[in-house]
Amino acid sequence: MITEKTKLGEVYKLKNGYDILSKYQVPCVTCPYAKLEMDELNLEQIAEMYVIDLKGLLEDLNKEKNK
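Just so you know, these numbers come straight off a predicted model, no measurement behind them. (Residues numbered from 1 in each chain as written. Predicted model: local features only at pLDDT ≥ 70, side-chain atom pairs only at ≥ 80, totals over all residues. Heavy atoms only, no water.)

S.K.: Outline the nonpolar core, listing residues and values.
M.R.: Counting residues in each nonpolar core, the largest one holds 19 residues, and the members touching the most others are Val-26, Leu-57 and Leu-61. Setting aside chain neighbours within four positions, we find Leu-57 in contact with Ile-20, Leu-21, Tyr-24, Leu-43 and Ile-52. (Core = buried A, V, L, I, M, F, W, Y, C linked by side-chain atoms within 4.5 Å. Buried < 20%, exposed > 50% of the residue type's maximum accessible area, 1.4 Å probe, protein only. Contact = heavy atoms within 4.5 Å.)

This is the structure in C-alpha coordinates:
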(Lines give C-alpha, C1' and ligand atoms only; values in the text may rest on other atoms or scores of the structure.)
Protein backbone atom coordinates (compact mmCIF):
# COMPACT_ATOMS: atom_id res chain seq x y z
CA MET A 1 0.00 0.00 0.00
CA ILE A 2 1.25 3.44 -0.86
CA THR A 3 0.90 5.95 1.97
CA GLU A 4 1.95 9.51 2.68
CA LYS A 5 5.22 8.09 4.04
CA THR A 6 6.08 6.26 0.80
CA LYS A 7 9.33 7.51 -0.66
CA LEU A 8 9.45 9.05 -4.12
CA GLY A 9 11.79 6.31 -5.31
CA GLU A 10 9.13 3.67 -4.64
CA VAL A 11 6.58 5.57 -6.73
CA TYR A 12 8.95 5.64 -9.69
CA LYS A 13 9.03 1.83 -9.59
CA LEU A 14 5.31 1.63 -10.39
CA LYS A 15 4.49 0.99 -14.03
CA ASN A 16 2.70 4.35 -14.45
CA GLY A 17 4.06 6.12 -11.39
CA TYR A 18 5.76 8.79 -13.47
CA ASP A 19 2.53 9.51 -15.36
CA ILE A 20 0.47 9.78 -12.18
CA LEU A 21 2.97 12.17 -10.61
CA SER A 22 2.84 14.25 -13.80
CA LYS A 23 -0.97 14.31 -13.67
CA TYR A 24 -0.74 15.97 -10.24
CA GLN A 25 1.95 18.33 -11.52
CA VAL A 26 4.57 17.07 -9.10
CA PRO A 27 7.64 19.11 -10.04
CA CYS A 28 9.96 16.35 -8.86
CA VAL A 29 9.22 14.54 -12.12
CA THR A 30 11.37 17.03 -14.04
CA CYS A 31 13.65 18.24 -11.23
CA PRO A 32 17.26 17.09 -11.62
CA TYR A 33 17.70 17.16 -7.84
CA ALA A 34 14.89 14.64 -7.33
CA LYS A 35 17.26 11.85 -8.34
CA LEU A 36 19.40 12.73 -5.36
CA GLU A 37 16.44 12.86 -2.98
CA MET A 38 14.34 9.91 -4.18
CA ASP A 39 15.08 7.80 -1.13
CA GLU A 40 14.58 10.67 1.30
CA LEU A 41 11.49 12.58 0.11
CA ASN A 42 8.12 11.08 0.94
CA LEU A 43 4.79 11.89 -0.68
CA GLU A 44 3.55 13.86 2.32
CA GLN A 45 6.55 16.19 2.16
CA ILE A 46 6.16 16.68 -1.58
CA ALA A 47 2.42 17.36 -1.30
CA GLU A 48 3.01 19.88 1.48
CA MET A 49 5.80 21.69 -0.36
CA TYR A 50 3.89 22.00 -3.63
CA VAL A 51 0.25 22.11 -2.40
CA ILE A 52 -0.74 18.88 -4.13
CA ASP A 53 -3.93 16.88 -3.48
CA LEU A 54 -2.33 14.13 -1.41
CA LYS A 55 -5.55 12.14 -0.98
CA GLY A 56 -6.20 12.02 -4.73
CA LEU A 57 -2.57 11.23 -5.48
CA LEU A 58 -2.57 8.33 -3.03
CA GLU A 59 -5.83 6.97 -4.44
CA ASP A 60 -4.50 7.00 -7.99
CA LEU A 61 -1.15 5.49 -7.01
CA ASN A 62 -2.82 2.69 -5.05
CA LYS A 63 -5.18 1.93 -7.95
CA GLU A 64 -2.14 1.57 -10.19
CA LYS A 65 -0.31 -0.59 -7.68
CA ASN A 66 -3.30 -2.91 -7.26
CA LYS A 67 -3.78 -3.55 -11.00
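Having seen the structure, we can now continue with the description.
S.K.: Account for unusual backbone geometry, naming residues and giving values.
M.R.: For Gln-25, which is not glycine, the phi dihedral falls at a positive 55°. On the accessibility criterion, Gln-25 (68% relative accessible area) is exposed. Notably, Val-51 is not glycine yet its phi reads approximately 50°, a positive angle.

S.K.: Give me the side chain of Glu-64: which residues, what numbers.
M.R.: Looking at the secondary structure, you find Glu-64 in helix H5 (residues 54-65). Setting aside anything within four residues of it in sequence, one finds Glu-64 in contact with Lys-15, Asn-16 and Ile-20. (Helix = DSSP H or I, 4+ residues; strand = E, 2+ residues; numbered from the N terminus.)

S.K.: If you had to explain the pattern of salt bridges to someone new, which residues and values would you point to?
M.R.: Taken as a whole, this structure holds 4 salt bridges when the rule is applied. Residue Lys-13 is joined to Glu-10 by a salt bridge in which the shortest nitrogen-to-oxygen separation is 3.2 Å. Residue Lys-23 is joined to Asp-60 by a salt bridge in which the shortest nitrogen-to-oxygen separation is 2.7 Å. Here Lys-23, found in helix H2 (residues 17-23), pairs with Asp-60, found in helix H5; they are 37 residues apart in sequence, far enough to count as distant. (Salt bridge = Lys/Arg side-chain N within 4 Å of Asp/Glu carboxyl O.)

S.K.: So what's going on with H5? Which residues, and what values?
M.R.: The terminal C-alpha atoms of H5 lie 16 Å apart, and with 12 residues this matches the ideal 16 Å at 1.5 Å per residue to within 8%. Where H5 is concerned, the buried positions are Gly-56, Leu-57, Leu-58, Asp-60, Leu-61, Asn-62 and Glu-64. Structurally, H5 contributes buried residues whose contacts are with helix H1 (8-12), H2 and helix H4 (43-50). (Expected span 1.5 Å × (residues − 1).)

S.K.: Explain the side chain of Asn-62 residue by residue, including any values.
M.R.: Mapping Asn-62 onto the fold places it in helix H5. Looking at Asn-62, the relative accessible area reads 14%, which means it is buried. Setting aside its immediate chain neighbours within four residues, Asn-62 contacts Met-1 and Ile-2.

Treat this as a map of the structure, not an account of what it does.
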